[in-house]
Structures are given as C-alpha cells and as structure tokens.
Amino acid sequence: MRVDNAARPEAGSYKPGYELVAERILELIAELELQPGDRMPTENELATRLGSSRTVVREAVKILSAIGRVRAQKGRGLYVADDDGMLGSARWGGFFLPTDLDHVYMLFEFRRIQETAASRLAATHATPAELRAIAAAAEMCRQGHLTGQSELFDRGDEDFHLGIAAAAHNHFLVASVREARRLQRQSHVIGLRGSLGGHAAEAVEEHAAIYQAIRDGDPEAAAHATGVHLDNTLADYRREIQRRVFG
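Residues numbered from 1 in each chain as written. Predicted model: local features only at pLDDT ≥ 70, side-chain atom pairs only at ≥ 80, totals over all residues. Heavy atoms only, no water.

Side note on the pattern of salt bridges
Under the convention used in this document: Any carboxyl oxygen of Asp or Glu that lies within 4 Å of a side-chain nitrogen of Lys or Arg is treated as forming a salt bridge with it. Numbering of helices and strands starts at the N terminus; helices are DSSP runs of H or I of at least 4 residues and strands are runs of E of at least 2. Accessible area is worked out with a 1.4 Å probe on protein chains only. A residue is then buried under 20% of its type maximum, exposed over 50%, and partly exposed in between.
Tallied over the full model, the rule gives 13 salt bridges. When the shortest N-O distance is used, the salt bridge between Arg185 and Glu158 registers 2.8 Å. Here Arg185, found in helix α8 (residues 171–191), pairs with Glu158, found in helix α7 (residues 150–167); they are 27 residues apart in sequence, far enough to count as distant. Relative accessible area serves as the criterion here: at 17%, Glu158 is assigned to the buried category. Linking Arg182 and Glu179 is a salt bridge whose minimum nitrogen-to-oxygen distance equals 2.8 Å. Of the two residues, Arg182 and Glu179 are both situated in helix α8; the distance of three residues between them amounts to about one turn of the helix.

Brief notes about helix α2 (residues 43–50)
Note the threshold: The directions considered for the arc run from the helix axis to the C-beta atoms.
For α2, the complete set of buried residues consists of Glu43, Leu46, Ala47 and Leu50. All buried residues of α2 project into a common sector of 100° when viewed along the axis, lining one side. In the segment just after α2, Gly51 is the residue with positive phi, at about 65°.

Observations regarding the pairing of strand β1 (residues 70–73)
Basically, it comes down to this: One requirement defines pairing of two strands: DSSP has to find at least two bridges between them.
As judged from the four bridges shared by β1 and strand β2 (residues 77–80), these two strands associate in the antiparallel manner. Among the inter-strand pairings, Ala72 is bridged to a residue of β2, identified as Leu78. The loop that links β1 with its antiparallel partner β2 comprises three residues; one of these, Gly75, has a positive phi angle of about 80°.

Description of unusual backbone geometry
Most of the time, phi is negative for any residue but glycine, and the peptide bond is trans. Positive phi, close to 55°, is recorded for Glu33, a residue that is not glycine. On the secondary structure map, Glu33 appears in the loop between α1 (17–31) and α2. Using a relative accessible area of 63% as the deciding quantity, one classes Glu33 as exposed. Within the chain, His169 stands out as a residue other than glycine whose phi angle is a positive 60°. By the element assignment, His169 lies in the loop between α7 and α8. The class of His169 is partly exposed, set by a relative accessible area of 46%.

So, the packing of α7 against helix α9 (residues 200–215)
Heads up, the condition is: Note on definitions: angles span 0 to 180 degrees between N-to-C directions of axes, and those axes are lines fitted to C-alpha atoms, for helices only across the stretch in contact. Every angle not falling under 35 degrees, over 145, or within 65 to 115 is termed oblique; those three ranges are roughly parallel, roughly antiparallel and roughly perpendicular. Whether a crossing is left-handed or right-handed is set by the direction in which the near helix is turned from the far one by less than a right angle, anticlockwise for left-handed and clockwise for right-handed. Contact between two residues is taken to exist if any of their heavy atoms lie within 4.5 Å; hydrogens are not considered. For this classification, the nonpolar set comprises Ala, Val, Leu, Ile, Met, Phe, Trp, Tyr, Cys and Pro, the charged set comprises Asp, Glu, Lys and Arg, and every other residue, Gly included, is treated as polar.
Where α7 contacts α9, the axes come no closer than 12 Å and their chain directions differ by 25°. Comparing the axis directions of α7 and α9 gives the class roughly parallel. Note that α7 runs across α9; the crossing there is left-handed. Contacts between α7 and α9 involve Phe153, Asp157, Phe160, His161 and Ile164 from the first element and Ala200, Ala203, Val204, His207, Ile210, Tyr211 and Ile214 from the second. Of the residues that constitute the contact of α7 with α9, the class distribution is nine nonpolar, two polar and one charged.

Notes on the packing of helix α6 (residues 128–147) against α7
The geometry of α6 relative to α7 is characterised by a closest axis approach of 7 Å and an angle of 160° between their N-to-C directions. Taken together, the axes of α6 and α7 lie roughly antiparallel to each other. The two elements α6 and α7 cross, and the hand of that crossing is left-handed. Taken together, the residues of α7 that come into contact with α6 (itself represented by Glu130, Ile134, Ala137, Ala138, Met140, Cys141, Gln143, Gly144 and His145) are Leu152, Phe153, Arg155, Gly156, Asp157, Asp159, Phe160, Gly163, Ile164, Ala166 and Ala167.

What about α7?
Put simply, the rule reads: Expected helix span is taken as 1.5 Å per residue step, with the number of steps being one fewer than the number of residues.
Taking 1.5 Å of rise per residue, the 18 residues of α7 would be expected to cover 26 Å, and the 25 Å separating its terminal C-alpha atoms lies within 8% of that figure. Taken together, the buried positions of α7 are Leu152, Phe153, Gly156, Asp157, Glu158, Phe160, His161, Leu162, Gly163, Ile164, Ala165 and Ala167. Once α7 finishes, His169 follows within two positions and takes phi at roughly 60°, a positive value.

Considering the confidence of the model for the chain
Close inspection of predicted coordinates is inappropriate in any region flagged by low pLDDT. The condition is simple: On a range of 0 to 100, pLDDT expresses the predictor's confidence in each residue.
Per-residue confidence for the chain gives a mean pLDDT of 84; residues scoring 70 or more make up 83%. Element-level mean pLDDT values for the chain span from 51 in helix α4 (residues 89–92) up to 96 in α9. Across residues 1–14 the pLDDT falls below 50, and counting only partners more than four positions away or on other chains, this stretch makes 46 contacts in the model.

See below:
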C-alpha cells in the first residue's frame, strides 16, 4: 500500500496531506487486521510504506491520537487504541474511515434514525430536571454561536443531543447516540478541521424547535424537528465539502 506524494493534497481534493495520511493509516490498520492494543508500524515505517515524509506522518498520528484511534507510548511506539465503545473499533473492526464520504453519509442516516426515536421518547418521558438540562445546553450552544466561541458551541451541542438521549430513558439509545456522535467528531476533526460551517445560526433555532416540542410533550413534532435538524446539518456538511473541493 503506497501513497505517492502524500505530503501534498491530491488534485481536486479538499484534504491536505496529513489528512490523507491519517485516512491511509486507518485503512492500513484495517488491512493488517490490527486489533486494539496491537503494536503498529513505527512512524518511519509508516512514512516508507505510505510514500510520505515522517513530518506528515507525525501530524497524522497526532490527529488520530486526539480522536482516540491511535495511542502513542513514549519510548515504546504506536498502538491501536483500546476502544470499548459500542460502535467503536473493538466491535466494528475499525472499519469507519472519517474521510470516506459514503461512511459519513451512512453515519448521518444512522444518527437520524437514532435521534428521531430518542426525541420521540423524550417528549413522553422527560422529567422537569431533564428538560432544564436540555434547555441549558441549547442556551450554551446559542451563546457559543453569538460570541463566536466554537468550543462553547460544540459543548452545548454535545450536551443537547446527549441530554435528549438521556431523557428518552433508554440506555441503548444513550450509548448509540454517544458513540455515533463520537465517530462523527472524528470525521469533523480530520475532514473539516473542526470548522462550524454555515449552519450554526440555523442549528440554534432548530435546537429551540426540538426543545419546544419535547417540552410540549408532542412526540411526532419532536421527531420531525430532529429530522429537519439532522437533514440540514448533513446539507451543510455537503456544502462545506463542495466548497473545499471546488472553491
């Protein structure tokens, strides 16, 4: 498996070299059937195998370490990270490639199924304390958008979606929503480098509509509002990819 000129973005690609190499490393882990805890090739070996420079490989490894796919042990080398998540590499063989658009789109489809169901149940089961937590998360997200603090926006967004899952009172939904969002963050970090895209303002309003439906105890309205939100989030993702490819 060799990637020529991996240190430079491919023609027509929205991914810089280190993102391409990060993707190839994940492919290599799957190809070699490495399991969590297995030792990986060294950075030098990866650079040779992938036809890249060690500098680019090191940047790719930093990304994969940050999102929990690779573990670097000082003086000992690189290892496939332990991942006991329900949808993580320990159970799904590490097949998810964060920059594979087909995988990303399938993940959005899966999230839509999960989270519309969670919203529908939350509209029936949410306690007053859970409603307050969802409202607080929506407000945190709004403040993050208004002040341009992406970390605050992201934290509010995470708390909002997980708060709804918790209010569904179904442990399996909580676990699956958490893990699907974790996988999506990997795509967000590698593929979009953490950018918010152009959907942040709309997302704030969509959160408000979801919360309102849950608070009103209207399961179908809650599910519909959640579906609209995820469809629009996916549309924004597609637009951002198009912008990076075509400028």
